[in-house]
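Per-entry structural report
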Amino acid sequence: MKSQDIVILLKLVSLNGVDKVGMDHGPPKEPSMHSAYSVRSLSSSLKISKTEVASSLNRSIESGLAFRKNNNCLIVPNKRDLLNFLVYGIKFVFPAK
């Protein structure tokens, strides 16, 4: 796991759009090749190469912090596990020096 994996997962969480009541509107129903969830779009918005974004998403899926949805077209962060990782685990993976 790399630190950019967390940044990419948090970007995906921010794209889900939670309103003031806390209702999750979820990702778009049919993602297009140019949607905000595409590797190309994530790459340009975060200024990280497409290869690194794709590798990061694969690492996140392998670790269980994300999963594939809609016939493997869309990668969605596992919000509950991501929150637990941020609260309890990140200090052990990326210790302050």
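None of these values were measured; they are calculated from a predicted model.

Describing the overall build of the protein chain
Within the protein chain one finds four helices and two strands. Element order for the protein chain, N to C, with α for helix and β for strand: α-α-α-β-β-α. The buried share among the 97 residues of the protein chain stands at 29%. When the accessible surface of the protein chain is totalled, it reaches about 6500 Å², and 57% of it is carbon and sulfur.

Re the packing of helix α1 (residues 3-15) against helix α2 (residues 39-46)
Packed helices, taken two at a time, are described by the angle their axes make and the gap between the axes. Closest axis-to-axis distance for the α1/α2 pair is 11 Å, and the angle between their directions is 110 degrees. Considering their axes alone, α1 and α2 lie roughly perpendicular with respect to each other. Contact residues: Val7, Ile8, Lys11, Leu12 and Leu15 in α1; Leu42, Ser45 and Leu46 in α2. For the contact of α1 with α2, the per-class residue count stands at six nonpolar, one polar and one charged.

Some points on helix α4 (residues 79-93)
For α4, built from 15 residues, the straight-helix expectation of 21 Å at 1.5 Å per residue is missed by more than 12%, its first-to-last C-alpha distance being only 18 Å. Along α4, the largest kink reaches about 50 degrees and is centred on valine 87. Turning to α4, its buried residues number three or more, namely Leu82, Phe85 and Gly89.

Digging into α1
Between its terminal C-alpha atoms α1 stretches 19 Å, which fits the 18 Å expected from 13 residues at 1.5 Å a residue. Those residues of α1 not exposed but buried are Gln4, Asp5, Ile6, Ile8, Leu9 and Leu12.

Criteria and cut-off values
- Residues numbered from 1 in each chain as written.
- Predicted model: local features only at pLDDT ≥ 70, side-chain atom pairs only at ≥ 80, totals over all residues.
- Heavy atoms only, no water.
- Helix = DSSP H or I, 4+ residues; strand = E, 2+ residues; numbered from the N terminus.
- Buried < 20%, exposed > 50% of the residue type's maximum accessible area, 1.4 Å probe, protein only.
- Areas by Shrake-Rupley, 256 points an atom, 1.4 Å probe, with all protein chains shown as cover.
- Axes fitted to C-alpha atoms, helices over the stretch in contact; angles between N-to-C directions.
- Parallel < 35°, antiparallel > 145°, perpendicular 65-115°, else oblique.
- Contact = heavy atoms within 4.5 Å.
- Nonpolar A, V, L, I, M, F, W, Y, C, P; charged D, E, K, R; others polar.
- Expected span 1.5 Å × (residues − 1).
- Bend = angle between axes of the 7 residues up to and from the residue.

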